[in-house]
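Residue-level structure breakdown
Here is what each chain is made of, one letter per residue.
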Amino acid sequence: MKGSLFTYLATFASCLSIGAVNAQVFDPNKGSSEGWDPAAVGTNKTTNATFSNPVMTLNIGDPFMTRYTVNGEDWYLFTYTTNTNITLRRSRYLTDNWDNAESRVVFNPDANSGEPWSTSLWAPEIHNISGSWYIIFTATSDGDNPAPLLDAMCPINCPAINHRMFVLAGDGPDPWTANFEMKPMLDTYDMFAIDGTYFQHDDQLYHIYSCWEQKYSSWPANLCITRMSDPWTINSTLTERRIISIPNEPWEQVPYGRPIRLATNEGPQQLTNPKTGQNFVIYSAARVNTPFYCLGMLELVGDDPMEYQSWRKHTSGCVFHQNTAAGVYGTGHASFTSSPDGSESYIVYHAQTTANPAADLYRTARIQKFGWNEDGTPKFPKAENGPFGVPAGQLALTKQ
């Protein structure tokens, strides 16, 4: 298969005149709450009984939501791609209008410093691991625009070739007041790495991220897994690294069914069935700046996550995708949380508002309830705008 892949790439490159291709453009200042009715964003403040999507209209991507408790109060903690820094927001209400939630910048690098974490900060996540808080994110030194000679090393073009994974460690039990310190760069073998997340199984920690097969592969983007000894240290060698998913299904490719270029697996996220304990990785497929961006699913069916035979892909299609009837497109990069009373499961994702997105991406954050099938797999809804009933236990909080 490898021989046919390189033959395809060589033929493709020789048939086309391909120069340096600029990366996707993302400017959070280009999208704002202007044009949205604040009363239709998030919770209906008149009744507090319903909410509507989006729940955040600022131009963000890769939303990550988690919960924590401090001084007897339960909070939702939210972070997302701003491109230039790492921002946390918090609210006691899951479906708050997150445009107006408390906000705190916890990492603000100098974009001109040349440090490997200084530009194009993407997909931050904040995790509580063994009682301590860690923020894992991806960044690069070059604004996602590699030098022409470096770009020329790839057979097509080199999007994000210098992106690597980084970890910030908090110094206290409260993530809202903690100071975060940069730890050593996560080892991804000096190769492309984006959208890294933690995967926990049987008291062992793993790193799952979007990877290339080789340093200059460029496409496709796959999912890799490595073993960790702590939240910032990889203890797998390159030969021990495993690719657990490649975008080999037609719905993982753009245009539909075209291999190699714009074939993408990224944005992995662990999802555990709270009743059965089944473990899934929900990931983004296709291409982020198209309406076809959607969610795929892997299930851990073996005992060792480092064996690719332990993973089974849901191959019949996206498990969550665009809804043209509702005007919701490019549904991807999800995270998961629960209602305030813990009885309901919720998906937090970003989406676009047009079937023909501009190069300058505009994505909003959205939240919906999902359920579980009899076989223990997640049962995702259609991507909708609402209104929906607020999460269980939220209305009681507003009356306190």
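Structure: see above.
Procedures and definitions
Residues numbered from 1 in each chain as written. Predicted model: local features only at pLDDT ≥ 70, side-chain atom pairs only at ≥ 80, totals over all residues. Heavy atoms only, no water. Helix = DSSP H or I, 4+ residues; strand = E, 2+ residues; numbered from the N terminus. Pairing = 2+ DSSP bridges. Axes fitted to C-alpha atoms, helices over the stretch in contact; angles between N-to-C directions. Patch = residues over 30% accessible without salt bridge, like charges linked within 9 Å, V, L, I, M, F, W, Y side chains within 5 Å. Areas by Shrake-Rupley, 256 points an atom, 1.4 Å probe, with all protein chains shown as cover. Salt bridge = Lys/Arg side-chain N within 4 Å of Asp/Glu carboxyl O. Lys, Arg positive; Asp, Glu negative; His and termini not counted. Charge placed at Lys NZ, Arg CZ, Asp CG, Glu CD. Buried < 20%, exposed > 50% of the residue type's maximum accessible area, 1.4 Å probe, protein only. Disulfide = S-S within 2.5 Å.

1. Describing unusual backbone geometry
- Across the junction of Asn53 and Pro54, the peptide omega takes the value 5 degrees, indicating a cis bond.
- Mapped onto the elements of the fold, Pro54 is located in the loop between β2 (50-52) and β3 (61-70).
- A cis amide bond links Trp219 to the next residue, Pro220, at an omega of -5 degrees.
- Residue position: Pro220 is located in the loop between β12 (204-211) and β13 (222-230).

2. Examining the sheet that holds strand β8 (residues 132-140)
- Pairing in this open sheet of 4 strands is antiparallel, and the strands run β7-β8-β9-β10 from one edge to the other. Both edges of this open sheet fall to β7 (119-129) and β10 (180-182), since each of them pairs with a single strand only. Looking at each pair of strands side by side, their axes are set apart by 30 degrees on average, direction ignored.
- In this structure, β8 lies alongside strand β9 (residues 164-170), joined through 6 bridges in antiparallel fashion. Each bridged residue has a counterpart across the sheet, and for Thr138 the counterpart in β9 is Met165.

3. What to know about a negative patch on the surface
- On the surface, Asp202, Asp203, Asp303 and Glu307 cluster together to form a negatively charged patch.
- Positionally, Asp202 belongs in the loop between β11 (193-201) and β12.
- With relative accessibility at 63%, the residue Asp202 sits in the exposed group.

4. Focus: the pairing of β7
- When you tally the buried positions in β7, you get 10 out of 11 residues, the bulk of the element.
- Hairpin connection, β7 to β8: the antiparallel pair is bridged by 2 residues, and Ser130 has positive phi, about 55 degrees.

5. Looking at the state of the cysteines
- Considering all chains together, one arrives at 3 disulfides under this definition.
- One disulfide bridge connects Cys154 with Cys158, the sulfur atoms lying 1.7 Å from each other. Taking the sign of the S-S torsion, about 105 degrees here, the bridge from Cys154 to Cys158 comes out right-handed.
- Judged by its relative accessible area of 7%, Cys154 is buried.
- Cys158 sits in the buried class, given a relative accessible area of 1%.
- Across a sulfur-sulfur distance of 2.2 Å, Cys294 and Cys318 are joined as a disulfide pair.

Keep in mind these numbers describe shape, not what the thing actually does.
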